[in-house]
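One letter stands for each residue in the lines below.
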Amino acid sequence: MSEVFERYERQYCELSANLSRKCYAAAALDGEQKKQKISDVKAGIDEAESLIRKMDLEARSLQPNVKAVLLAKLREYKSDLNNVKTEVKRLTSGGNNLSARDDLLESGMADALTASADQKGRLMMSTERLNHSGYRIKESRRTMLETEELGVSILQDLHQQRQSLLHANNTLHGVDDNIGRSKRILTSISRRMDRNKWIIGSIIAVLVVAIILILYFKLK
């Protein structure tokens, strides 16, 4: 899953849980305090809609199989946000119409309790989603750390292999140098042997000539 989408999702889940808490608190308030609380909720709804739009854009840029899963999530988030909007409308109409509120208190206490239960349910769902998103982020972070450790290990292995190759290369250079010196020594020895052969040949030739001369003068 995209890290960008997860970041937006975490922000949305935190905001959704906060909006549910504010709606629940606004139901127990009156007058200016209630108006202020409703105003805060409306501002939060605008922010939540902005986050949903960002998540939608990010989801549509991903692979088709991932996009389908994320868009299904977004439909749930939009449904939850619509429930919050409905709750805000109910709170607003209840604050502007005191007689309707009195009728609700007299004849619709069960409906109010049901609405509170719904708010609690949404709060619990939002909290659960927030915890789930936090768990996914931790898992992604753990996977990232494991991947980083694996990458470091691979780099260390590559470094060791590089050092081994450099050492082998230096050894080969040393062998080449030794072979070169040996070749020069052999060449020098060969030249000396050739020179010695010429000297020995010359001495033998001189001796042969001397022997021939001696024999010639003796026999004469």
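The structure contained in this document is the topic of the report that follows. No experiment lies behind these values; they were computed from the predicted model shown. (Residues numbered from 1 in each chain as written. Predicted model: local features only at pLDDT ≥ 70, side-chain atom pairs only at ≥ 80, totals over all residues. Heavy atoms only, no water.)

A look at helix α2 (residues 31–60)
Step number 1: Compared with an ideal rise of 1.5 Å per residue, which puts 30 residues at 44 Å, α2 spans 44 Å between its outermost C-alpha atoms and is within 8% of the ideal.
Step number 2: Listed as buried for α2 are K34, I38, V41, G44, I45, A48, L51, I52, M55, D56, E58 and A59. (Helix = DSSP H or I, 4+ residues; strand = E, 2+ residues; numbered from the N terminus. Expected span 1.5 Å × (residues − 1). Buried < 20%, exposed > 50% of the residue type's maximum accessible area, 1.4 Å probe, protein only.)

Some words on the environment of G44
Step number 1: Note on placement: G44 falls in helix α2.
Step number 2: Sequence separation of G44 and Y12 is 32 residues, and the distance between their C-alpha atoms is 9.9 Å.
Step number 3: In contact with G44, not counting residues within four places along its chain, are L15 and L19. (Contact = heavy atoms within 4.5 Å.)

Some remarks on the nonpolar core
Step number 1: Membership of the largest hydrophobic core comes to 24 residues, with the highest contact counts inside it found for Y12, L19, M55 and L74.
Step number 2: Beyond its immediate sequence surroundings of up to four residues, Y12 is in contact with A48, L51, I52, M55, Y77, D80 and L81. (Core = buried A, V, L, I, M, F, W, Y, C linked by side-chain atoms within 4.5 Å.)

A look at the environment of D80
Step number 1: With respect to the helices, strands and loops of the structure, D80 is situated in helix α3 (residues 64–96).
Step number 2: Classification of D80 by relative accessible area gives buried; the value is 12%.

Structural notes on the packing of aromatic side chains
Step number 1: Using the criterion set out here, one finds 1 aromatic pair in the structure.
Step number 2: Taken together, a centroid distance of 4.8 Å and an interplanar angle of 40° make the contact between Y12 and Y77 tilted. Taken together, the positions of Y12 in helix α1 (residues 3–26) and Y77 in helix α3 put the pair 65 residues apart, joining distant regions of the chain.
Step number 3: In this structure Y77 comes out as buried when scored by relative accessible area, which is 3%.
Step number 4: The ring centre of Y8 lies 5.5 Å from the NZ or CZ of R7, which sits over that ring. (Phe/Tyr/Trp six-rings, centres within 6.5 Å; stacked < 30°, edge-to-face > 60°. Lys NZ or Arg CZ within 6 Å of the ring centre and 35° of its normal.)

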